[in-house]
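Below are the chains, spelled out letter by letter.
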Amino acid sequence: MAQGAMTTSVGKSAAESGKVVLAAIAANLAITVTKFVAAFLTGSSSMLSEAVHSLVDSGNEALMLVGLKRSRKPPDDSHPFGYARELYFWTFVVALVIFAGGAVVSVYEGVEKILHPQPVESPWINFVVLGIAVVMEGVSWLVALRAFNARRGRAGVIETVQASKDPTIFMVLFEDSAALVGLIIAAACLSADLLLDQPVFDGIGSVLIGLVLAATAGFLAYETKSLLIGESARPDLVQGVRALLRDEHIIERVNEVLTTHLGPEVVIVNLSLDLRDEVSAGEVEMALARIDRRMKERFPEISRVFTELRSTALPADKAGRSA
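Residues numbered from 1 in each chain as written. Predicted model: local features only at pLDDT ≥ 70, side-chain atom pairs only at ≥ 80, totals over all residues. Heavy atoms only, no water.

The name given to the protein in an unreviewed UniProt entry is Cation transporter, with Azospirillum ramasamyi as the source organism. Check the Subcellular location (unreviewed entry) section of the UniProt entry for the protein; it says "Membrane". (UniProt positions renumbered as here; feature names shortened; annotations may be inferred.)

So this is what it looks like as structure tokens:
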């Protein structure tokens, strides 16, 4: 696949993911300002934690946009396979920021409020803001859920996340889910504070929100780490490549089909093949060109194919060569 084709493939996936991220940014920026104003007016620790949470989410989604943009850079001499994996690096950074910038701050603020409880002033302001935030977060969540469901088909949620090669969709979905859970916790704890006249519940709400963020960050970091290290292509692609190879009469045996994702729509394939002894060099050259073309036609995400050829008449350690 030419450099332009590889960039186009990455660009299509990035454009779809970018729409989800932009929707989340728009919602979070509006929510962040509203929450900070409410926290300032009421002195609520839970609301301050929610404001920090929304601020972190906005920053995270900006980082994802950076990753999407940089992943579209064409290959060059220093990065001959392109920059598609930049997307995985920046989403891993997002998971770390959720933990350090969201979870730690929320837990710290909650502990401070538990140790030094203070009554929340004008609590009705918080409930109005929480209601507005639920609506805005819900819209962003629905956009991310629709994109996520379009990709998962009939598979389960966890199964789809583990199999997904594009972290931006499930990253936004899980961030928004954590935000909605946080809003519910904040509303419940503020209600308990108001009904029972126990300001300590406000601090407890902040700690619980921090724990939700920590759990979310841990899960997202684990999933994006796997992508960053390098995951194989989906099973049907590997099986499809093997089926194409079995159709070639010059191949005696398929030893290995190794794949790795450089990005959501960029796959590298490495083949190890035993060839029949009677085939000529010309037949080998034509067959390899045909194999390359057929694989890329059937699976457009395949960007490069590397082949190690072996002869059944020679030992494996002496027969291998790159083609």
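From this point, the narrative continues.
With that settled, the discussion passes to the overall build of the protein. Along the backbone of the protein there are 10 helices and 4 strands. The order of helices and strands in the protein, counted from the N terminus, is α-α-α-α-α-α-α-α-β-β-α-β-α-β. The buried share of the protein, reckoned over its 323 residues, is 46%. Considering only contacts within the protein whose residues lie at least 6 apart along the sequence, 75% involve residues at least 24 apart. As displayed, the protein has an accessible area near 15,200 Å², and 64% of this comes from carbon and sulfur atoms. (Helix = DSSP H or I, 4+ residues; strand = E, 2+ residues; numbered from the N terminus. Buried < 20%, exposed > 50% of the residue type's maximum accessible area, 1.4 Å probe, protein only. Contact = heavy atoms within 4.5 Å. Areas by Shrake-Rupley, 256 points an atom, 1.4 Å probe, with all protein chains shown as cover.)

Turning our eyes to something else, we now look at unusual backbone geometry. At Asp 197, a position not held by glycine, the phi torsion is positive, near 55 degrees. Tracing the chain through its elements places Asp 197 in the loop between helix H6 (167–196) and helix H7 (200–229).

A contiguous nonpolar surface patch, about 430 Å² in accessible area, is contributed by Val 33, Val 37, Phe 40 and Leu 41. Examined against the element boundaries, Leu 41 turns out to sit in helix H1 (residues 3–42). Overall, the relative accessible area of 43% leaves Leu 41 in the partly exposed class. (Patch = residues over 30% accessible without salt bridge, like charges linked within 9 Å, V, L, I, M, F, W, Y side chains within 5 Å. Salt bridge = Lys/Arg side-chain N within 4 Å of Asp/Glu carboxyl O.)

Turning to the packing of helix H3 (residues 86–115) against H7, a few remarks are in order. Close contact between H3 and H7 brings their axes to 7 Å; oriented N to C, the two are set at 165 degrees. Here H3 is positioned roughly antiparallel relative to H7, judged by the angle of their axes. Two packed elements cross with a definite hand, and for H3 against H7 that hand is left-handed. In the contact of H3 with H7, the residues fall into 22 nonpolar, 8 polar and 4 charged. (Axes fitted to C-alpha atoms, helices over the stretch in contact; angles between N-to-C directions. Parallel < 35°, antiparallel > 145°, perpendicular 65-115°, else oblique. Left-handed = near helix turned anticlockwise from the far one by under 90°. Nonpolar A, V, L, I, M, F, W, Y, C, P; charged D, E, K, R; others polar.)

A word on helix H8 (residues 235–246). Across its 12 residues, H8 extends 17 Å between first and last C-alpha, which sits within 8% of the 16 Å expected from 1.5 Å per residue. The set of residues buried in H8 consists of Leu 237, Val 238, Gly 240, Val 241, Leu 244 and Leu 245. With its buried residues spanning 160 degrees around the axis, H8 presents them on a single face. Among the exposed residues of H8, those oriented more than 90 degrees off its buried face are Pro 235, Gln 239 and Arg 246. (Expected span 1.5 Å × (residues − 1). Arc of directions from axis to C-beta.)

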